[in-house]
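Here is what each chain is made of, one letter per residue.
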Amino acid sequence: MHDVTTTGISPQLQRLREDYPVFRIEAAQATRTPGGVALEFAFAAGDLRFRPVVELTGLSPGETAAVTTPTARRMIRALAIIEAFSYWKALCSPVIEVALPAPDAAELDWWRSFWPGAMGEFFYRNGIDYTVPGFLDIRAAAGPEPAGSEPAGPGRDERAVTAPPLVMFSGGKDSLALARIVTSGGAVPADLFLYNPVAGQRGLAESLAHGGRFLEVRRTILAELLRLNAAGHPNGHTPFSAYLAIAAMLAGYLRGTGFVVAGNSRSDDEPNVESYLGHPVNHQWTKSYEFESALAAYRDRWLPGAPGYSSPLRPLYELQIIASLSGDIDGYLQTASCNRVKGEGWCRSCAKCAWVFLATAALFGHDLAVRKTGGDMFADPALAGVYAEMAGLTGSKPFECTGTEEEVRTAIRAVGQGHNPDDFPALATCLRAAAVTAARPLTALLADWGRDDLVPAALLSQVRRYGSA
């Protein structure tokens with residue numbers, strides 16, 4: 001990791017901010033459909049209009065009736081604000097104005113504290129100085145919600161909890177481990193929440209639900225935004241995991257779910273860049289302990305009756321989560337998480353693939369790693385730089401969901417034991433580095449345990465057993 005202290009606002013960006021001084025969130029409407037709910041958002045900036053639609057399916061007509069409650073409307077408003085960042089980023093307007101009706105002053109303060117971390121990678125990779133006074137204000141278009149629409153404490157707007165836990169399931173290794181914990185290996189059912197699922201993801205999910213239901217969210221990026229991207233407008237990472245968290249909470253609320261669980265881990269807390277304009281940059285900030293704590297506070301204050309959201313795997317490193325799947329190698333081999341091929345294989349050239357190959361080889365052997373990804377990534381010298389960055393030996397940690405730098409060094413050390421460094425061209429430089437030879441032994445890292453205060457009490461003992469398997 002490294003520090004960056006200077007940047008600026010380019011002339012192009014300054015012109016965009018002058019041409020589009022206000023990005024307005026005009027509407028967020030929910031329409032009940034035969035299979036669920038359609039959410040329709042309306043954004044405006046100058047002469048530009050964006051009207052994205054999100055579909056939630058897998059809900060019964062009786063469940064979708066709750067979409068009109070104050071708590072549901074607030075979650076839909078929160079989704080609109082997060083969705084807006086995907087379009088606002090192309091303009092970087094100085095003001096995001098929220099109609100709908102607007103949040104109160106305290107909730108607006110929450111959103112003002114949200115965007116610097118959530119958009120940090122976007123600012124860093126576009127060289128934008130977001131710390132200048134007046135860079136972005138999120139404000140109400142008019143007065144706050146009218147009297148009578150605001151939930152008055154935890155007793156108001158409660159929903160009966162009748163459904164199993166809702167597991168956010170991506171089809172990757174973390175969500176497989178999470179589903180196994182929640183279902184106690186198949187003894188109890190769970191509902192699974194899927195985003196734009198592909199065939200492989202759905203197939204693996206079907207083997208894990210054990211009588212639970214599938215709730216799905218389908219979302220696409222509008223062609224209007226893609227045209228702006230192609231024309232050279234700013235583009236980059238947005239708070240996608242926060243979007244999924246609140247979408248899952250909304251689906252769970254309508255379903256009657258007590259809590260929603262995600263597969264985020266201790267590894268997600270490590271920033272990619274230690275300091276950019278005095279602040280860390282974390283690709284996975286909306287999977288971090290900091291964000292999860294902030295979302296819990298948001299729910300407690302503004303979303304009475306909404307399911308809790310937490311990450312039961314939070315005390316564990318990525319390596320520990322993968323190790324916990326030793327009893328389900330067939331399931332592990334079915335998981336896929338390469339972002340370049342969208343869960344349908346492995347590109348074998350990105351940091352995500354490099355990490356999965358390394359972790360698999362360190363824990364289950366080189367042959368299984370080759371079997372999982374379809375090729376020997378250690379034999380590719382072009383990956384030497386990727387592994388060096390992942391290990392913190394040079395440059396910045398790649399902007400992918402990988403293990404921490406310590407985990408990478410530990411795994412490389414474990415793989416290299418008993419081998420000449422030149423046996424693995426992709427790892428040779430790392431295996432000769434002092435930071436790798438001095439890395440913590442694999443057994444010691446696998447025995448570690450992080451913060452568990454956000455883990456649901458009902459799952460804590462299961463996580464402990466699973467993590468030490």
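For the structure given in this document, a descriptive report is provided here. (Residues numbered from 1 in each chain as written. Predicted model: local features only at pLDDT ≥ 70, side-chain atom pairs only at ≥ 80, totals over all residues. Heavy atoms only, no water.)

Examining the packing of helix H3 (residues 70–88) against helix H4 (residues 105–118)
Reasoning step 1: Following both chains from N to C, one finds H3 and H4 inclined at 35 degrees, their axes separated by 12 Å at the closest point. At the point where H3 passes H4, the crossing takes the right-handed sense. Seen from H3, the contacting residues are Arg74, Arg77, Ala78, Ile81, Ile82 and Phe85; seen from H4, they are Glu107, Trp111, Phe114 and Trp115.
Reasoning step 2: Split into classes, the residues belonging to the contact of H3 with H4 amount to seven nonpolar, no polar and three charged. (Axes fitted to C-alpha atoms, helices over the stretch in contact; angles between N-to-C directions. Helix = DSSP H or I, 4+ residues; strand = E, 2+ residues; numbered from the N terminus. Left-handed = near helix turned anticlockwise from the far one by under 90°. Contact = heavy atoms within 4.5 Å. Nonpolar A, V, L, I, M, F, W, Y, C, P; charged D, E, K, R; others polar.)

Observations regarding the pairing of strand E6 (residues 95–98)
Reasoning step 1: With burial as the criterion, each face of E6 is covered, one bearing Val95 and Glu97 and the other bearing Ile96 and Val98.
Reasoning step 2: Relative to E6, strand E2 (residues 22–33) runs parallel, the two being bridged by four bridges. By the bridge assignment, Ile25 is partnered in E6 with Val98.
Reasoning step 3: Taken together, the four bridges between E6 and strand E7 (residues 137–140) define a ladder with parallel strand orientation. (Buried < 20%, exposed > 50% of the residue type's maximum accessible area, 1.4 Å probe, protein only. Pairing = 2+ DSSP bridges.)

Overview of the environment of Gln29
Reasoning step 1: When you line up the elements, Gln29 lands in strand E2.
Reasoning step 2: In this structure the C-alpha to C-alpha distance between Gln29 and Arg74, which are 45 residues apart in sequence, comes to 11 Å.
Reasoning step 3: Not counting chain neighbours up to four residues away, the residues in contact with Gln29 comprise Ala38, Leu39 and Glu40.

Regarding the pattern of salt bridges
Pairing of side chains with opposite charge becomes possible as their charged atoms draw close.
Reasoning step 1: Enumeration according to the criterion identifies 25 salt bridges in this entry.
Reasoning step 2: Here Glu97 ties to Arg139 by a salt bridge, and the two come within 4.0 Å at their closest N and O atoms. In this pair, Glu97 sits in strand E6 while Arg139 sits in strand E7, placing the two residues 42 residues apart along the sequence.
Reasoning step 3: For Glu97, a relative accessible area of 15% translates into the label buried.
Reasoning step 4: You can call Arg139 partly exposed: its relative accessible area is 34%.
Reasoning step 5: Across the pair Arg314 and Asp269 runs a salt bridge, and its minimum N-O distance is 3.7 Å. In this pair, Arg314 sits in the loop between strand E14 (308–310) and helix H11 (318–323) while Asp269 sits in the loop between strand E11 (259–261) and strand E12 (273–276), placing the two residues 45 residues apart along the sequence.
Reasoning step 6: Residue Arg314 is classed as buried on the basis of its relative accessible area of 2%.
Reasoning step 7: A single network of salt bridges, built from pairs that share partners, joins Arg24, Glu26, Glu97 and Arg139. (Salt bridge = Lys/Arg side-chain N within 4 Å of Asp/Glu carboxyl O.)

Remarks on the pairing of E2
Reasoning step 1: Summarising the sheet, E2 and strand E3 (residues 36–45) pair through nine bridges and their orientation is antiparallel. Opposite Thr33, over in E3, you have Gly36 as the bridge partner.
Reasoning step 2: Counted between consecutive antiparallel strands, the loop separating E2 from E3 contains two residues.

Examining the side chain of Thr183
Reasoning step 1: Assignment of secondary structure puts Thr183 in the loop between helix H6 (173–182) and strand E9 (191–195).
Reasoning step 2: Setting aside its immediate chain neighbours within four residues, Thr183 contacts Val188, Pro189, Ala190, Leu208 and His210.

Quick notes on the state of the cysteines
Reasoning step 1: Taken as a whole and judged by the stated rule, the model has zero disulfides.
Reasoning step 2: Between Cys338, a free cysteine, and Cys353, which holds the nearest cysteine sulfur, the sulfur-to-sulfur gap is 3.7 Å.
Reasoning step 3: Cysteine Cys353 remains unbridged, with the sulfur of Cys350 as its closest cysteine sulfur at 3.6 Å.
Reasoning step 4: We classify Cys353 as buried; its relative accessible area is 0%. (Disulfide = S-S within 2.5 Å.)

Thoughts on the environment of Asp422
Reasoning step 1: Among the secondary structure elements, Asp422 is positioned in the loop between helix H16 (405–416) and helix H17 (428–431).
Reasoning step 2: Between the C-alpha atom of Asp422 and that of Val260, which follows or precedes it by 162 residues, the distance is 46 Å.
Reasoning step 3: Setting aside residues up to four positions removed in sequence, Asp422 forms contacts with Ala428 and Arg432.
Reasoning step 4: At 3.0 Å, the side chain of Asp422 and the side chain of Arg432 are in polar contact. (Polar contact = N/O pair within 3.5 Å; in protein donor to acceptor, adjacent residues only side chain to side chain.)

Some words on the packing of helix H13 (residues 351–364) against helix H14 (residues 366–373)
Reasoning step 1: At their nearest, the axes of H13 and H14 sit 7 Å apart, and the two run at 145 degrees to each other. The two elements H13 and H14 meet at a crossing, and its hand is right-handed. In contact with Val356, Phe357, Thr360, Ala361 and Phe364 of H13, H14 contributes His366, Leu368, Ala369, Val370, Lys372 and Thr373.
Reasoning step 2: Looking at side-chain class alone, the contact of H13 with H14 contains seven nonpolar, three polar and one charged residues.

Things to note about the nonpolar core
Reasoning step 1: With 84 residues, the main nonpolar core has Phe23, Phe85, Trp88, Phe114, Phe123 and Phe193 as its most contacted residues.
Reasoning step 2: Excluding its chain neighbours within four sequence positions, the residues that come into contact with Phe114 are Ile82, Phe85, Pro239, Ala242, Trp285, Thr286 and Phe291.
Reasoning step 3: Among the nonpolar cores identified, the runner-up in size contains 67 residues, and Tyr317, Ile322, Ala361 and Leu431 belong to it. (Core = buried A, V, L, I, M, F, W, Y, C linked by side-chain atoms within 4.5 Å.)

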